[in-house]
Structure formats: C-alpha cells, structure tokens
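Each chain is listed here by its residues.
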Amino acid sequence: LGMVAEESQATTAMFVFLSSSLATIQFMFLGRAMPEYALWFTAWVLVATFVGQTLVDYVLQRWKRSSLIVLSIAGIIGGSLVMMTAVGAKDIIHDIIRGADMGFSPMNLCK
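This is a predicted model, so every value here is computed, not measured. (Residues numbered from 1 in each chain as written. Predicted model: local features only at pLDDT ≥ 70, side-chain atom pairs only at ≥ 80, totals over all residues. Heavy atoms only, no water.)

1. What to know about a nonpolar patch on the surface
Let me state the cut-off plainly: Exposure above 30% relative accessible area and no salt bridge define the residues that can form patches, which grow by joining like charges within 9 Å and nonpolar side chains of Val, Leu, Ile, Met, Phe, Trp and Tyr within 5 Å. Note on areas: these come from Shrake-Rupley sampling with a 1.4 Å probe, and a residue is covered only by the protein chains present in the view. When a carboxyl oxygen of Asp or Glu lies within 4 Å of a side-chain nitrogen of Lys or Arg, that pair is called a salt bridge. Helix numbering and strand numbering both begin at the N terminus, where a helix is a DSSP run of H or I of at least 4 residues and a strand a DSSP run of E of at least 2.
The grouping of M34, Y37, W40, F41 and W44 at the surface amounts to a nonpolar patch, some 620 Å² of accessible area in total. Take F41: it is sitting in helix α2 (residues 35-63).

This is the structure:
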C-alpha cells in the first residue's frame, strides 16, 4: 500500500480503539455491559499496551528495521484469524450436536 510501517501501526491501533469503543458503547446501550469484565480487561490492555510499545520502541532503536512492525501486525491478525476460526468451528459443531436451529439443516444440503 505504500504506507510507512509506523503510520500503519498507528492506523491499526486507532481502528482497534474505535471498534472496541463502539462495541463497548453498543453493549452499554443494550444493557449487556459487565463492569467487572470491562475493568479487568481495561487493566490488562493498559499494561499490555505499555509493555508492547516499550518492546517495539526498543527493537526499532536496536535493529532499525520497521519491517518488524509489519510482521507483528501480521502475526496478530493471523493469530486472531486462527482463534476466531477455532471458536466458530467449535460453536458450530456444538450447535449441530445439540440440534440447534442455525437457519439451515446440514442433513438437508443434498436433497
């Protein structure tokens, strides 16, 4: 895309911040917010952000390779893809086993 790695990292971080903020607001409007979880995860996010940013700054100063930022973002997105696929597949298998209505019947696909 022709973006500098630091700009790409900042854009990604802002997108994550905005999307998680909007999801939190949506949960609050629906009355489904769980304050104890929100506080717990907020604390972890703050600590992880500080540690991650400190490590990235150190690595960039030491090796002067901004490609490490791109690789870390790709790793996070790839890890998310794997985890979301695994959780989704587990939920689908669980729903099929208990016979939940999923909008289609896998047994009637070939009829």
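Once the structure has been displayed, the description carries forward.
2. Overview of the packing of aromatic side chains
Inclusion rule: A pair of aromatic rings is counted whenever rings of Phe, Tyr or Trp (Trp by its six-membered ring) have centres within 6.5 Å, and the orientation is called stacked for planes under 30 degrees apart, edge-to-face for over 60 and tilted otherwise.
Summed over the entire model, instances satisfying the criterion amount to two aromatic pairs. A ring pair is formed by Y37 and F41, whose centres lie 6.5 Å apart and whose planes are at 20°; its orientation type is stacked. Taken as a pair, Y37 and F41 lie in helix α2 at a separation of four residues, close to a single helical turn.

3. Digging into α2
Quick reminder of the rule: In this analysis, the expected span of each helix is defined as 1.5 Å times one less than the number of residues it contains.
Taking 1.5 Å as the rise per residue, α2 with 29 residues should run 42 Å; its terminal C-alpha atoms sit 41 Å apart, in good agreement. Positive backbone phi, approximately 50°, marks K64, located one or two places after α2.

4. Here we look at the pattern of salt bridges
Counting across every chain of the model gives two salt bridges. A salt bridge links D91 to K90, with the shortest nitrogen-to-oxygen separation between them at 3.8 Å. Here D95 makes a salt bridge to R98, at a shortest N to O gap of 3.2 Å. Taken together, the residues D95 and R98, both in helix α3 (residues 67-98) and three residues apart, mark about one turn of the helix.

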